[in-house]
Amino acid sequence: MSLTSDPPVDVPPRPAAAADTADPAVLKVVPVRHPWRWVAVIATAVVLAQFLNGLITNPGWEWDVFARFFTADAILKAVWVTLQLTFYGTALGFALGIVLAFMRLSASPFLKAVAFGYIWAFRSIPLIVQLLFWFNLAYLYKELSFGIPFGPSLFSFDTMGLVGAMSAAVLGLALHQAAYAAEIVRGGVLAVDGGQLEAAASLGIPRLRQLRRIVLPQAMRSILPNAANEIISLFKGTSIVSVMAIGELFYQVQVVYGRNGRVVPLLMVATAWYILLTTALSIVQHYVERHYAKGSTR
């Protein structure tokens, strides 16, 4: 029974063909075809297969020589020196970089200018020039004195004995790394919403606790990917200290193939170690990022 005063309207039945077309169960679903994608997959697979075949069958790679030197004592000691350079350069570089980052974020124009000048200088000068400068520091300063500024010195050190090759390498790597670390940390801190600091200040939370408990845990999500890239770049960049005759991985490989003439397999030894340790650093990066990603929506 109709509840309105309008007369009932007869709806004509739909044709059978139209009913079948409107029914989703009857529609024939055809997947989208990507013929050029398959062409790209096949071409890439062929190139990759040829490359792997060359690695296995080409006698010029001399895999027996590679296996003999991969775990040689001299190579393992060189890997340890490389890891030490990476660790000290990263630790000191990021420690100084954090200070520089907050100097740039401070309200003092003088501190901002000093931090900006440092970052500008050390990003402009090539790393190899910095390393050679610190290696030859004794040419400029015969001794380093500590005491009252512009007054008498309390004690002094012979520069030649204090700054050796290893110390100069760590100093150069750390100071160079600090310039990049400062910008990474500054960018991460700026990525945190300033309203959170205002809310924390209104609750009476001390400034240091705001930084430690609110700013840095959130900034780490922005800092970590770039910081990990810098650490990996520093790890590979330690090969540049070979100009100072420090027995790191690349220098030691050069020494060995300079004696036996097996250049390619010894270079593959260095390559394999760099890949292996870079992979380990990437795995550590993954777990650290996952730790700081707790509570994020991604």
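Quick note: structure is the one above.
These notes cover the structure that comes with them. No experiment lies behind these values; they were computed from the predicted model shown.

Looking at helix 6 (residues 127–135), one finds that the buried residues are L127, Q130, L131 and W134. In an axial view of helix 6, the angular spread of the buried residues amounts to 100°, which keeps them on one side of the axis. Buried residues in helix 6 make contact with helix 5 (109–124), helix 7 (137–140) and helix 9 (165–190).

We now examine the pattern of salt bridges. Evaluated as defined, the whole model comprises three salt bridges. Between E62 and R262 there is a salt bridge, and its shortest N-O distance comes to 2.9 Å. One end of the pair, E62, is in the loop between helix 2 (35–57) and helix 3 (63–70); the other, R262, is in the loop between helix 12 (249–260) and helix 13 (263–292), and 200 residues separate them in sequence. Take E62: its relative accessible area is 24%, and that puts it in the partly exposed class. Given the relative accessible area of 36%, R262 is considered partly exposed.

There is a patch of nonpolar side chains on the surface, built from I125, I128, V129, L132 and V243 and spanning about 360 Å² of accessible area. With respect to the helices and strands, I125 occurs in the loop between helix 5 and helix 6.

Here we take up unusual backbone geometry. For E62, which is not a glycine, the phi torsion comes out positive at approximately 50°. Non-glycine residue A245 carries a positive phi angle of around 60°. Counting through the fold element by element, A245 comes out in the loop between helix 11 (207–237) and helix 12.

Calculation criteria
Residues numbered from 1 in each chain as written. Predicted model: local features only at pLDDT ≥ 70, side-chain atom pairs only at ≥ 80, totals over all residues. Heavy atoms only, no water. Buried < 20%, exposed > 50% of the residue type's maximum accessible area, 1.4 Å probe, protein only. Helix = DSSP H or I, 4+ residues; strand = E, 2+ residues; numbered from the N terminus. Arc of directions from axis to C-beta. Contact = heavy atoms within 4.5 Å. Salt bridge = Lys/Arg side-chain N within 4 Å of Asp/Glu carboxyl O. Patch = residues over 30% accessible without salt bridge, like charges linked within 9 Å, V, L, I, M, F, W, Y side chains within 5 Å. Areas by Shrake-Rupley, 256 points an atom, 1.4 Å probe, with all protein chains shown as cover.

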